[in-house]
Amino acid sequence: MTTIVTLNKPIIEDWLQQLADVITDPDELLQLLQLDTHPELLKGKNARSLFPLRVPRAFVARMRKGDANDPLLRQVLTSSAEFTSPEDFITDPLEEQRTATPGLLHKYHNRVLLLVKGSCAINCRYCFRRHFPYQDNQGNKKNWQLALDYIRQHPELDEIIFSGGDPLMAKDHELSWLIDVLEKIAHIKRLRIHTRLPVVIPTRITTALCQKFHASRLQIVLVTHINHANEIDNALCDSMTKLKTKGVTLLNQSVLLRGVNDNVEVLAQLSNALFNAGILPYYLHVLDKVKGAAHFMVNDDEARRLINGLLGCISGYLVPRLVREIAGKKSKTPLTLS
Ligand code: SF4
């Protein structure tokens, strides 16, 4: 069910209700998971001052109660380790914080990133944009107009990437407006949407949004961000099926994270679960060295060993490409395997 209808009241989208009810207090999260007496986890609560805690209840429901090492919990729970960062873990590892146009990043030749919205439904502790100055890059019509003017003036662009924050934080009517304008720019052929919102709140994939994608002349590619097979439940599969039947191409990118998915068996389960949900594994990113996230780091040699292990146990098309993003480079850089 995607909407709740009450007499004499406007229809309220279910996903918006869930968004208004996300957990922001580490104590509440730990209580729900019966971990509120765990001394090590309690010690990390103050890290919310570095980056707020934010997690939807639909995502918490997929965590194991009483398991301090739950791989979904580790991605969102504040940690005392965030206060100790090596010097090479910095606030802007990809040098993104000086944009030419507010909310627009032109890093690659044929495509630009439009930072549609600066917020997310979930705050992932390892996020490389956890220090990004979203206040200077607000997702609003004024900035979108500037970005769209830039796009019109750059005929080398054929693909627009909706990014953020999470671009699906924009409401359907806002996305619809953006898509309508992009459709009128002849050199734009594809729209790619990078999002974690349908993973953590699957009802974000509304019927109206699917219809908009289906009716568009643009080829639509939706790239989910899923790091562990436990994130994939029936509700997510249903949402992905809705998109697929409307002709949307589904890809996934993951981040290689210590204590979450740094294991061949776990990565194999993830690839299989993604494919069962109709999503093709695309990228496995090594962690960007962002301040506060060093405890998630998996080194390059270990990353290569994991991919080699994966190649030995699942079909080649299910093995994601192991890549790193290097500031200033015109594409992701693959890590060569030995
Ligand atoms: S959803 Fe994406 S942009 Fe948002 S906090 Fe998580 S990793 Fe960062």
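Residues numbered from 1 in each chain as written. Predicted model: local features only at pLDDT ≥ 70, side-chain atom pairs only at ≥ 80, totals over all residues. Heavy atoms only, no water.

**A word on helix 9 (residues 207-215)**
So, point 1. When helix 9 is considered as a whole, its buried residues turn out to be Leu 209, Cys 210 and Phe 213. Buried residues of helix 9, viewed axially, fall in a sector of 100°; they line one side. Exposed side chains of helix 9 directed beyond 90 degrees from the buried face belong to His 214 and Ala 215.
So, point 2. The inward-facing, buried residues of helix 9 abut helix 7 (172-183), strand 6 (190-195), strand 7 (219-225) and helix 10 (234-245). (Buried < 20%, exposed > 50% of the residue type's maximum accessible area, 1.4 Å probe, protein only. Helix = DSSP H or I, 4+ residues; strand = E, 2+ residues; numbered from the N terminus. Arc of directions from axis to C-beta. Contact = heavy atoms within 4.5 Å.)

**Comments concerning the UniProt feature "binding site: [4Fe-4S] cluster" (unreviewed entry) in the protein chain**
So, point 1. Summarizing the sequence annotation, UniProt attributes the feature "binding site: [4Fe-4S] cluster" (unreviewed entry) to Cys 120, Cys 124 and Cys 127 in the numbering used throughout. Considered against the largest pocket, the annotated residues that line it turn out to be Cys 120, Cys 124 and Cys 127.
So, point 2. Among the secondary structure elements, Cys 120 is positioned in the loop between strand 4 (111-117) and helix 6 (141-152).
So, point 3. Those residues in contact with Cys 120 that lie beyond four places of it in its chain are Arg 54, Gly 165, Asp 166 and Met 169.
So, point 4. One can find Cys 124 in the loop between strand 4 and helix 6.
So, point 5. Cys 124 gets classed as buried once you look at its relative accessible area, which sits at 8%.
So, point 6. For Cys 124, the residues in contact, after removing those within four places along its chain, are Phe 51, Gln 75 and Arg 196. (UniProt positions renumbered as here; feature names shortened; annotations may be inferred. 1 Å grid on protein atoms, 1.4 Å probe; cavity = no way out; pocket = protein on both sides within 12 Å on 5 of 7 lines; lining within 4 Å.)

**Considerations on the site of the ligand**
So, point 1. Around the ligand, the neighbouring residues are Cys 120, Ile 122, Asn 123, Cys 124, Cys 127, Gly 165, Arg 196 and His 225.
So, point 2. Structurally, the ligand is housed in the largest pocket.
So, point 3. Residue composition of the shell around the ligand, by class: four nonpolar, three polar and one charged. (Near = heavy atom within 4 Å. Sits in = over half its atoms within 2 Å of the grid points. Nonpolar A, V, L, I, M, F, W, Y, C, P; charged D, E, K, R; others polar.)

**Considering the nonpolar core**
So, point 1. Leu 29, Val 55, Ile 151 and Phe 162 are the most contacted members of the largest nonpolar core, which has 80 residues in total.
So, point 2. If you look at the next biggest cluster of nonpolar residues, it comprises 15 residues, including Val 298, Leu 310, Leu 318 and Leu 322. (Core = buried A, V, L, I, M, F, W, Y, C linked by side-chain atoms within 4.5 Å.)

**Some remarks on the sheet that holds strand 6**
Each strand in a sheet pairs with its neighbour through backbone hydrogen bonds, running either in the same direction (parallel) or in the opposite one (antiparallel).
So, point 1. What the nine strands build is an open sheet, ordered 3-4-5-6-7-8-9-10-11; its pairing is mixed. Of all strands in the sheet, those bounded by a partner on one side alone are strand 3 (104-105) and strand 11 (333-334).
So, point 2. Inspection of the sheet shows strand 3 paired to strand 4 by two bridges, in the antiparallel sense. From the neighbouring strand, Leu 104 faces strand 4, where its bridge partner is Leu 114.
So, point 3. Sheet strands touched by helix 11 (residues 264-276): strand 8 (249-255) and strand 9 (280-285). Its angle to strand 9, the strand with the most contacts, is close to 145°. (Pairing = 2+ DSSP bridges. Axes fitted to C-alpha atoms, helices over the stretch in contact; angles between N-to-C directions.)

**Some details on the packing of aromatic side chains**
So, point 1. Throughout the structure, instances matching the rule amount to four aromatic pairs.
So, point 2. With a centroid separation of 5.7 Å and an interplanar angle of 85°, the aromatic rings of Tyr 126 and Phe 296 are classed as edge-to-face. Separated by 170 residues along the polypeptide, Tyr 126 in the loop between strand 4 and helix 6 and Phe 296 in the loop between strand 9 and helix 12 (300-311) bring together distant segments of the chain. Judged on exposure class, the residue Tyr 126 and its partner Phe 296 are both buried. (Phe/Tyr/Trp six-rings, centres within 6.5 Å; stacked < 30°, edge-to-face > 60°.)

**Let's talk about the packing of helix 11 against helix 12**
So, point 1. Two elements in contact, helix 11 and helix 12, have axes separated by 9 Å at closest approach and are oriented at 55°. Comparing their axes, helix 12 and helix 11 come out oblique. For the crossing formed where helix 11 meets helix 12, the hand is right-handed. Packed against helix 11, whose contacting residues are Val 264, Leu 267 and Ala 268, the element helix 12 presents Leu 306, Gly 309 and Leu 310 at the interface.
So, point 2. Class assignment for the residues of the contact of helix 11 with helix 12 results in five nonpolar, one polar and no charged. (Parallel < 35°, antiparallel > 145°, perpendicular 65-115°, else oblique. Left-handed = near helix turned anticlockwise from the far one by under 90°.)

**Considerations on the environment of Leu 168**
So, point 1. Mapped onto the elements, Leu 168 comes out in the loop between strand 5 (159-164) and helix 7.
So, point 2. The sequence separation of Leu 168 and Thr 195 amounts to 27 residues, and the corresponding C-alpha distance is 6.6 Å.
So, point 3. With residues near it in sequence (within four places) discarded, Leu 168 still touches Trp 15, Leu 175, Ile 193, Thr 195, Leu 197, Pro 198, Arg 204, Ile 205, Leu 209 and Leu 222.

**Section: the layout of surface pockets**
Empty space among the atoms becomes visible once a probe the size of a water molecule is rolled across them.
So, point 1. One number sums up the size of the largest pocket: a volume of about 910 Å³.
So, point 2. Across the lining of the largest pocket, the residue classes tally to 19 nonpolar, 14 polar and twelve charged. (Points joined across faces, edges and corners; volume = space filled by probe spheres on them.)

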